[in-house]
Amino acid sequence: MLSIDLYDSIDSMEIDGILWDDLVASAGGEVIIAPGGQANFTFDEPMRWKLLVFHLPDAGGDEVVEVIVINTYADDSITSALLMSLISLWITAFVAHRIHRLKKAGLPLICSLPSHVWDSLSEES
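The rules behind the values
- Residues numbered from 1 in each chain as written.
- Predicted model: local features only at pLDDT ≥ 70, side-chain atom pairs only at ≥ 80, totals over all residues.
- Heavy atoms only, no water.
- Helix = DSSP H or I, 4+ residues; strand = E, 2+ residues; numbered from the N terminus.
- Buried < 20%, exposed > 50% of the residue type's maximum accessible area, 1.4 Å probe, protein only.
- Contact = heavy atoms within 4.5 Å.
- Phe/Tyr/Trp six-rings, centres within 6.5 Å; stacked < 30°, edge-to-face > 60°.
- Expected span 1.5 Å × (residues − 1).
- Bend = angle between axes of the 7 residues up to and from the residue.
- pLDDT = per-residue confidence, 0-100.
- Polar contact = N/O pair within 3.5 Å; in protein donor to acceptor, adjacent residues only side chain to side chain.

### Some words on the overall build of the protein
Phase 1 of the analysis: Summing up its helical and strand segments, the protein has 4 helices and 4 strands in all.
Phase 2 of the analysis: The N-to-C order of helical and strand elements in the protein reads β-α-β-β-α-β-α-α.
Phase 3 of the analysis: The proportion of buried residues among the 125 residues of the protein is 10%.
Phase 4 of the analysis: Relative to all contacts within the protein whose residues are 6 or more apart in sequence, the contacts with residues 24 or more apart total 45%.

See below:
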């Protein structure tokens, strides 16, 4: 497994595939993990993207390889991300509720009339 700086990896990719030897050299070497083993990596550059490459050399078999990657964050970024997404969740719920009300009123889904006008439409027909 390689830990590669994303900016360095672009030069190692061609139309025909990935130049694994170049990636290994730019990453400073590879980490070989034995079956049942594990490796831990710590990155402390918060604004820099990292790319983990898992490469299983083709041995011609039908093996299944299970890889589990667990991300842990020092700060509580998940809570702040959930709080920031509440507004979009509310907008989505509002749109879904309006579509439900439009169908219930027998109006087309693209009707842009405000809902307080819907009653007067049914009285006119």
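What follows continues from the structure just given.
### Some thoughts on the packing of aromatic side chains
Phase 1 of the analysis: All chains considered together, the criterion is met by 1 aromatic pair.
Phase 2 of the analysis: Measuring from ring centre to ring centre gives 5.8 Å for Trp90 and Phe94, while their planes differ by 20 degrees; the resulting arrangement is stacked. Taken as a pair, Trp90 and Phe94 lie in helix 3 (residues 77–105) at a separation of 4 residues, close to a single helical turn.

### Considering helix 3
Phase 1 of the analysis: With 29 residues, helix 3 should reach 42 Å at 1.5 Å per residue; the first-to-last C-alpha distance of 43 Å fits that figure.
Phase 2 of the analysis: When the local axis directions of helix 3 are compared, the greatest deviation, roughly 35 degrees, occurs at Leu86.
Phase 3 of the analysis: Looking at the residues trailing helix 3, positive phi occurs at Gly106, about 75 degrees.

### A word on the confidence of the model for the protein
Phase 1 of the analysis: Scored by pLDDT, the protein has a mean of 77; 78% of the residues are at 70 or more.
Phase 2 of the analysis: No element of the protein has a lower mean pLDDT than helix 1 (residues 6–9), at 49, and none a higher one than helix 3, at 89.

### Section: the side chain of Arg98
Phase 1 of the analysis: Mapping Arg98 onto the fold places it in helix 3.
Phase 2 of the analysis: In terms of polar contacts, Arg98 uses its side chain to reach the backbone carbonyl oxygen of Cys111, at 3.2 Å.
Phase 3 of the analysis: In this view, Arg98 contacts Cys111, Ser112, Leu113, Ser115 and Trp118; residues no more than four positions away in its chain are not counted.

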